[in-house]
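Each chain is listed here by its residues.
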Amino acid sequence: MSHDMSFTAAAKHRRTIYSLNKKAPIDDKKIEEIARIAIKDVPSSFNSQSARMVVLVKGEHDKFWDIVTEILKVHVPEAKWEHTGQRLKGFKNAYGTILFYEDPEPIKKLQSQFPNYSDKFPEWSEHTSAMHQYFMWTALEAEGFGCNLQHYNPLPDQRAAAEWDIPLEWSLRAQLVFGGEEEGAREKLSTKSEERIEKRLFFHGASL
Ligand SMILES: Cc1cc2nc3c(=O)[nH]c(=O)nc-3n(C[C@H](O)[C@H](O)[C@H](O)COP(=O)(O)O)c2cc1C
């Protein structure tokens, strides 16, 4: 994959990829550089800067999925464990995971600063997190990783907080799994439908 894609090419390239391995197409320094861009340049509501990202690679990534597996084993019925266990193994086979958190502190501050919008800030905090998730997903795939987005929160929250010294108040919103793509990982992807776009997209006043 080209490592120098236009934004729209990167957006088109981004898919949900599950067949991942531990081969990284870029080094950890470059991953950190991309994560720094997310924290600095991705917008947040009222510039809350409430997003927090914890990037785990290699052994630390494995540790996270061991924690999730251990906890889920207690919750998932024996008959369903085969499926769940395989899925979790697939995530662990990848190179890294980004934990996306929202810090409630700046949100609370904004709520008292702008009481008229008080009930809106929690929703906008979710939007802020989603923007960071989408940026990292698209940027890492543009660099040659495959990614998938997971939501095992809140099950691993406490153990993760203890393991990586993460404040318990932070709220885990999503986990982005990333890794090298296995041969043929994109082969079975559904094609994106052009159908019904006109029922979902409306454009007024353009010179088309
Ligand atoms: C808000 C959001 C939540 C998602 N949650 C999950 C999830 O928990 N597990 C998962 O495997 N995929 C999850 N996905 C991935 C979607 O299923 C996927 O993006 C969608 O089917 C379109 O496929 P594509 O990513 O290949 O374009 C999520 C995507 C979004 C945007």
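The text that follows walks through the structure, step by step, so that each part is easy to find. Just so it is clear, the structure is predicted and the values come from calculations on it, not from any experiment.

1. Looking at the layout of surface pockets
Moving on, step 1. What the largest pocket holds in volume is close to 270 Å³.
Moving on, step 2. Ala-10, Phe-135, Thr-138, Ala-139 and Ala-142 are, among the 16 residues lining the largest pocket, the residues nearest its centre.
Moving on, step 3. Breaking the lining of the largest pocket down by element, the ones donating at least two residues are helix H1 (7-13), helix H2 (28-41) and helix H6 (121-142).
Moving on, step 4. Among the elements that line the lining of the largest pocket, the one with the most residues is H6, at five residues.
Moving on, step 5. Partitioning the lining of the largest pocket into residue classes produces nine nonpolar, three polar and four charged.

2. A look at the pattern of salt bridges
Moving on, step 1. In total, this model carries 13 salt bridges according to the counting rule given.
Moving on, step 2. Where Lys-22 meets Asp-62, a salt bridge forms, and the shortest distance between an N and an O atom there is 2.8 Å. Taken together, the residues Lys-22 in the loop between strand S1 (20-21) and H2 and Asp-62 in helix H3 (residues 59-75) connect sequence positions 40 residues apart.
Moving on, step 3. One salt-bridge network, held together by shared partners, links Glu-60, Lys-63 and Glu-163.

3. A short note on the pairing of strand S4 (residues 146-150)
Moving on, step 1. Counting buried positions along S4 gives four out of five residues, so the element sits mostly inside the fold.
Moving on, step 2. In this sheet, strand S5 (residues 171-181) lies alongside S4 in antiparallel orientation, the contact comprising five bridges. Following the sheet pairing, Asn-148 is matched in S5 by Val-177.

4. Quick word on a positive patch on the surface
Moving on, step 1. Together, Lys-192, Arg-196, Lys-199 and Arg-200 make up a region of like positive charge exposed at the surface.
Moving on, step 2. Structurally, Arg-196 is set in the loop between S5 and helix H8 (197-200).

5. Considering the site of the ligand
Moving on, step 1. Around the ligand, the neighbouring residues are Arg-14, Arg-15, Thr-16, Tyr-18, Arg-87, Trp-137, Leu-149, Gln-150, His-151 and Lys-192.
Moving on, step 2. Between an oxygen atom of the ligand and a side-chain N or O atom of Arg-14, the distance comes to 2.8 Å.
Moving on, step 3. The side chain of Gln-150 places a nitrogen or oxygen atom 3.0 Å from an oxygen atom of the ligand.
Moving on, step 4. Protein contact buries 54% of the 620 Å² of open area that the ligand shows by itself.
Moving on, step 5. Class assignment for the residues of the shell around the ligand results in three nonpolar, three polar and four charged.

6. Focus: the packing of H3 against helix H4 (residues 78-92)
Moving on, step 1. For the pair H3 and H4, the least separation of the axes is 9 Å and the interaxial angle reads 170 degrees. Between H3 and H4, the interaxial angle falls into the category roughly antiparallel. Counted together, His-61, Asp-62, Trp-65, Asp-66, Val-68, Thr-69, Leu-72 and Lys-73 of H3 and Trp-81, Thr-84, Leu-88, Phe-91 and Lys-92 of H4 form the full contact between these two elements.
Moving on, step 2. When its residues are assigned to classes, the contact of H3 with H4 shows six nonpolar, three polar and four charged.

Criteria and cut-off values
- Residues numbered from 1 in each chain as written.
- Predicted model: local features only at pLDDT ≥ 70, side-chain atom pairs only at ≥ 80, totals over all residues.
- Heavy atoms only, no water.
- 1 Å grid on protein atoms, 1.4 Å probe; cavity = no way out; pocket = protein on both sides within 12 Å on 5 of 7 lines; lining within 4 Å.
- Points joined across faces, edges and corners; volume = space filled by probe spheres on them.
- Helix = DSSP H or I, 4+ residues; strand = E, 2+ residues; numbered from the N terminus.
- Nonpolar A, V, L, I, M, F, W, Y, C, P; charged D, E, K, R; others polar.
- Salt bridge = Lys/Arg side-chain N within 4 Å of Asp/Glu carboxyl O.
- Buried < 20%, exposed > 50% of the residue type's maximum accessible area, 1.4 Å probe, protein only.
- Pairing = 2+ DSSP bridges.
- Patch = residues over 30% accessible without salt bridge, like charges linked within 9 Å, V, L, I, M, F, W, Y side chains within 5 Å.
- Areas by Shrake-Rupley, 256 points an atom, 1.4 Å probe, with all protein chains shown as cover.
- Lys, Arg positive; Asp, Glu negative; His and termini not counted.
- Charge placed at Lys NZ, Arg CZ, Asp CG, Glu CD.
- Near = heavy atom within 4 Å.
- Polar contact = N/O pair within 3.5 Å; in protein donor to acceptor, adjacent residues only side chain to side chain.
- Axes fitted to C-alpha atoms, helices over the stretch in contact; angles between N-to-C directions.
- Parallel < 35°, antiparallel > 145°, perpendicular 65-115°, else oblique.
- Contact = heavy atoms within 4.5 Å.

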